[in-house]
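Examination of the molecular architecture
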Amino acid sequence: MTMPHAKGALTMPFYLIHGDITKIRADAIVNAANPSLLGGGGVDGAIHRAAGPGLRKECETLGGCAPGEAKRTAAYGLPARFVIHTVGPVWEGGGRGEEEILASCYRRSLHLAAESGCASVAFPLVSAGAYGMPRPIALRVAGEEIGAFLADGHDEMTVLLVLFDPPASMRGTYGELNRTLEGLTGFPREANPCSAAAPEKKKGLFRRVGFLAERAPRADACKRQEESAPPTLSSAGGFFPDTAADSVSLEEALSMIDESFSEMLLRKIDERGMKDAECYRRANVDRKLFSKIRSDPQYRPSKTTALAFAIALELSLAETEELLLKAGYALSPSAPFDVIVKYFIERGNYNVFEINEALYAFDQKQIGA
């Protein structure tokens, strides 16, 4: 397995991927080692087997490694420059500082990778295997520490969290969301209550978890729709309901174009008093991509990038839909990716790493560039 981007491509700093870490092409591969550093089971044994005997010989010179520490060797037969060995905690119920030790594993490994000039580093989920740490806790600590590292001026580095188990194995932790997505299959398109009778009973998750706000009586809803509706195609064929289409010149029509995606994004950043770097780091977006957006008022991003900035700016659902519309997109009630992102926004959870964990679990593209 290769890195999820080609040389010179724009990337987002943090991905979760499914695969074999010994096949990942990165500057550094992190080994979830035992204290002797001489190999063992699980990821440790696999890395030693793939690297060959040279790795063990070098490890014999290091004098072992304490839990929470990290040490570097050459990668030998692995498709990397370095192996960074870190020793995670054995889970003993959570009362012996296991989370703090695990956080230290990620911090020290990341800083060692940066000191070694690495542009990319691949981690396993440290301590979640034979050492017994519950997977949700191991994921949370990994996300927090990797996110903090990238936000601390290291956004040029790409960090991969390589999970051996398939994405579906994580779905059990998303009970309500899981039920929501199961309810999507066969879910009918929502009817417009002002143009046709609404169905008496909605099926699927939208009814169960309240994705859609409760409706007011139809008469009130229709009145609000009429008052707030944007200009639509008139019978004359234009976007100017009060003006005959043939009375508006092309130049006049073009002069009425609203602000672009880039313009709205930069305006929202200013309104929230954010720095550019804070915004694109929270969005899990590459600095080079943000520079392109800032320099091109007509830049059209991917849908995932547009949503990444909505998450970074903590936009409301209405603002998110407006920003998406500027880029030519919309949230669909029948697309799992859109439903997942909407689920988090409606609950006020704007943690891009937590959102990406859910997207990964349901085999969806992750937020970012």
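Just above, that's the structure.
The text that follows walks through the structure, step by step, so that each part is easy to find. Residue numbering note: each chain is counted from 1, following its sequence as written. Where totals are concerned, whole chains, interfaces and linings use all residues; where local detail is concerned, this predicted model gives features only for residues with pLDDT of at least 70, and gives and counts side-chain atom pairs only at 80 or more. Only heavy atoms go into the side-chain values, all of them from the structure, while hydrogens and water stay out.

Side note on the packing of helix α12 (residues 303-312) against helix α14 (residues 336-346)
To define axes, lines are fitted to C-alpha atoms, for helices over the stretch in contact only, and angles between the resulting N-to-C directions are given on a 0 to 180 degree scale. Only runs of H or I of at least four residues qualify as helices and only runs of E of at least two qualify as strands under DSSP, and these elements are numbered from the N terminus. Interhelical geometry of α12 versus α14 gives an angle of 5° and a closest axis separation of 12 Å. Taken together, the axis directions place α12 and α14 in an arrangement best described as roughly parallel. Here K303, T304, L307 and I311 of α12 lie close against α14, whose contacting residues are F337, D338, V341 and I345. In this classification, the charged set is Asp, Glu, Lys and Arg, the nonpolar set is Ala, Val, Leu, Ile, Met, Phe, Trp, Tyr, Cys and Pro, and all remaining amino acids, among them Gly, are polar. Looking at the contact of α12 with α14, its residues break down into 5 nonpolar, 1 polar and 2 charged. To sort the angles, those under 35 degrees are grouped as roughly parallel, those over 145 as roughly antiparallel, those from 65 to 115 as roughly perpendicular, and the leftovers as oblique. The criterion used for residue contact is that any of the two residues' heavy atoms lie within 4.5 Å.

Description of the packing of helix α9 (residues 261-271) against helix α13 (residues 317-326)
The geometry of α9 relative to α13 is characterised by a closest axis approach of 8 Å and an angle of 145° between their N-to-C directions. Crossing of α9 against α13: the hand is left-handed. Where α9 abuts α13, its residues F261, M264, L265 and K268 lie against E319, E322, L323 and K326. Within the contact of α9 with α13, the residues separate by chemical class into 4 nonpolar, no polar and 4 charged. When the near helix sits turned anticlockwise from the far one by under a right angle, the crossing is termed left-handed; a clockwise turn instead gives a right-handed crossing.

A look at the environment of R107
Its location among the elements puts R107 in helix α3 (residues 98-115). What makes R107 partly exposed here is its relative accessible area of 38%. Through-space distance from the C-alpha of R107 to that of A142 is 9.4 Å; in sequence the pair is 35 residues apart. Among residues more than four places away in sequence, those in contact with R107 are E100 and E145. In the analysis that follows, any N or O atom pair within 3.5 Å is treated as a polar contact, provided that within protein one partner can donate a hydrogen and the other can accept it, and provided that, for residues neighboring in sequence, both atoms belong to side chains. Within the structure, R107 has its side chain in polar contact with the side chain of E145 (distance 3.3 Å). Between buried and exposed lies partly exposed: a residue is buried under 20% and exposed over 50% of the maximum accessible area for its type, with that area taken using a 1.4 Å probe on protein chains only.

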